[in-house]
Amino acid sequence: MSNGSITGRTRLAGVVGWPVAHSRSPRLHNEWLRRYGIDGAYLPLPVAPGQLETALRGLQASGFAGVNVTIPHKQDAFALSDVLSPAARRCGAVNTLMFTPDGRLHGDNSDGQGFLDSLRAAGVDPAAGSALLLGAGGAARAIAASLQAEGVAVYLANRTRERADALAALLQDAHNPVRVLDWAARDRALGDQALLVNTTSLGMGDAGLPCSLDGAAPTLVVSDIVYAPRVTPLLAEARARGLATVEGLGMLLHQARVGFAAWFGVDPTVDDSLFDFVSSDRVPGP
Ligand code: ATR
């Protein structure tokens with residue numbers, strides 16, 4: 001626990017998901033609570049599919065300040081929110097909920113902001129040039145929308161082209177449309193890009209790299225949203241070629257700042273020691 005004791009004044013937050021036992025968020029938030037000496041606690045909250053509304057009403061009625069929302073509840077949380085941030089609207093999904101005293105649910109989505117902040121914290125300008133995104137799931141949507149909002153030209157490639165087409169249609173913007181490429185064209189397209197973002201599940205297992213880096217410009221920045229392992233095969237390959245890389249753990253840490261600031265009143269710092277702490281399995285000391 002953050003400070004060793006929970007009282008009636010302890011501010012409560014947590015993460016709802018199914019499963020949720022693997023989530024790194026409790027480790028992260030409770031470490032921040034400890035570092036800032038805040039009387040608070042952040043709990044893993046296993047909520048089965050179909051039970052989100054019941055759970056949220058119960059948590060709200062129990063005095064929680066809010067929760068993070070993870071798989072499989074992000075779309076349902078969007079539908080249940082009374083007020084939505086512009087980012088949540090762009091994503092069609094909510095990952096951060098604030099419970100207001102009048103009983104309303106404020107839904108936000110900090111994934112895209114977390115991604116941009118992780119780039120900037122690594123010294124990378126997200127708007128340096130165009131970006132190629134691989135994948136067309138929820139994470140791709142959040143990242144594409146955030147890059148688009150920065151004025152970045154976004155190219156999207158997904159194994160199943162229809163999903164990329166559907167995502168591009170959702171992110172419709174007459175001034176800066178998302179351009180869809182065939183999956184087979186992704187390697188060729190790389191030479192013109194400033195940023196590559198892997199949001200596919202390729203690279204977690206043995207299925208090989210999500211693309212070849214043979215045609216990459218020497219200035220390409222390679223990022224991966226997978227954070228276990230921290231250095232994915234794609235990032236290792238990029239580093240071996242001397243390319244700059246941004247690891248996915250940064251997005252996880254930076255997206256969490258939004259909820260922490262709203263519930264506990266401090267915008268927390270993400271530093272190198274936090275990367276090590278969150279990714280290690282060491283049990284926090286007494
Ligand atoms: P998210 O978790 O972001 O919502 P997801 O639905 O779990 O995404 O999908 C993971 C991504 O990895 C998808 O873009 C998927 O491509 P498809 O839409 O074609 O399924 C991609 N993916 C998974 N395995 C892949 C493989 N072997 N080759 C190429 N892409 C793959």
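Use the structure listed above.
Summary of the structure given here. Each residue is numbered by its place in its chain's sequence as written, counting from 1. Restriction of local features to residues with pLDDT of at least 70 applies here, the model being predicted, together with a cutoff of 80 or more for giving and counting side-chain atom pairs; totals for whole chains, interfaces and linings are based on all residues. Only hydrogens and water are set aside when side-chain values are computed; all heavy atoms of the structure are taken into account.

Observations concerning the sheet that holds strand β3 (residues 66-69)
Note the cut-off: Two strands qualify as a pair provided that DSSP identifies no fewer than 2 bridges between them. In DSSP terms, a helix is any run of H or I states spanning at least four residues, a strand is any run of E spanning at least two, and both are numbered starting from the N terminus. By definition, residues are in contact when any of their heavy atoms lie within 4.5 Å. Fitting a line to C-alpha atoms yields each axis, with helices limited to the stretch in contact; the angle taken between N-to-C directions then spans 0 to 180 degrees.
Sheet architecture is open: 6 strands sit in the order β2-β1-β3-β5-β6-β4, paired in mixed fashion. Here the strands that pair on one side only, and so sit at the sheet edges, are β2 (40-46) and β4 (83-84). When β3 meets strand β5 (residues 96-99), the two strands line up antiparallel, connected through 3 bridges. Counted as the bridge partner of G66 is M98 from β5. Running at roughly 170 degrees to β2, helix α1 (residues 25-36) makes contact with β1 (11-17), β2 and β3 of the sheet. The strands touched by helix α2 (residues 52-61) within the sheet are β1, β2, β3, β5 and β6 (105-108), with β5 carrying the most contacts at an inclination of about 45 degrees.

Topic: the nonpolar core
Proteins that are soluble and globular tend to have nonpolar side chains buried together. Under the convention used in this document: Take the buried residues of types Ala, Val, Leu, Ile, Met, Phe, Trp, Tyr and Cys, join any two whose side-chain atoms come within 4.5 Å, and each joined set is a nonpolar core. Exposure categories follow from relative accessible area, calculated using a 1.4 Å probe and restricted to protein chains: below 20% of the type maximum is buried, above 50% is exposed, and the middle band is partly exposed.
Of all hydrophobic cores here, the largest spans 27 residues; its most connected members are F115, L133, I143, L147, V154, L195 and V197. Looking at this core, the element that brings in the most residues is helix α6 (residues 138-149), giving 5 residues. With residues up to four places along the chain from it excluded, the contact list for V197 reads F115, L132, L133, L134, I143, S223 and I225. Within the second largest apolar cluster, 22 residues are counted, among which are L249, W263, V270 and F275.

Looking at the environment of G151
Among the structural elements, G151 can be located in the loop between α6 and β8 (154-157). In this structure G151 comes out as exposed when scored by relative accessible area, which is 57%. For the pair formed by G151 and G129, sequence separation is 22 residues and the distance between their alpha carbons is 9.5 Å.

A look at the layout of surface pockets
Heads up, the condition is: Here the term cavity refers to a set of points on a 1 Å grid, laid over the protein atoms alone, in which a 1.4 Å probe fits but cannot get out; the term pocket refers to an open set having protein on both sides within 12 Å along at least five of seven lines, with lining residues being those that place an atom within 4 Å of a point. Grid points are joined across faces, edges and corners, and a volume is the space filled by probe spheres set on the points.
Taken as a whole, the largest pocket spans an internal volume of roughly 1300 Å³. Forming the walls of the largest pocket are 47 residues, and the residues nearest its centre are I71, K74, A139, T199 and I225. Contributions of two or more residues to the lining of the largest pocket are made by β3, α3 (74-80), α6 and α10 (249-264). The dominant element in the lining of the largest pocket, judged by the number of residues it contributes, is α6, at 5 residues.

Details of the packing of aromatic side chains
Using the following cut-off: Planes of paired rings set the category: under 30 degrees apart is stacked, over 60 is edge-to-face and the rest tilted, where pairs are Phe, Tyr or Trp rings (Trp by its six-membered ring) whose centres lie within 6.5 Å. Whether a charge sits over a ring depends on NZ of Lys or CZ of Arg being within 6 Å of the ring centre and within 35 degrees of the ring normal.
Inspection of every chain in the model, using the stated rule, returns 5 aromatic pairs. Clustering of aromatic rings is evident, with ring pairs tying together W32, Y36, Y42, F260, W263 and F264. A cation over an aromatic ring shows up here: R27 above the ring of F277, its NZ or CZ 4.2 Å from the ring centre. Directly above the aromatic system of W183 lies the positively charged group of R186, at a separation of 4.0 Å from the ring centroid.

By themselves, these figures tell us nothing about what the structure is for.
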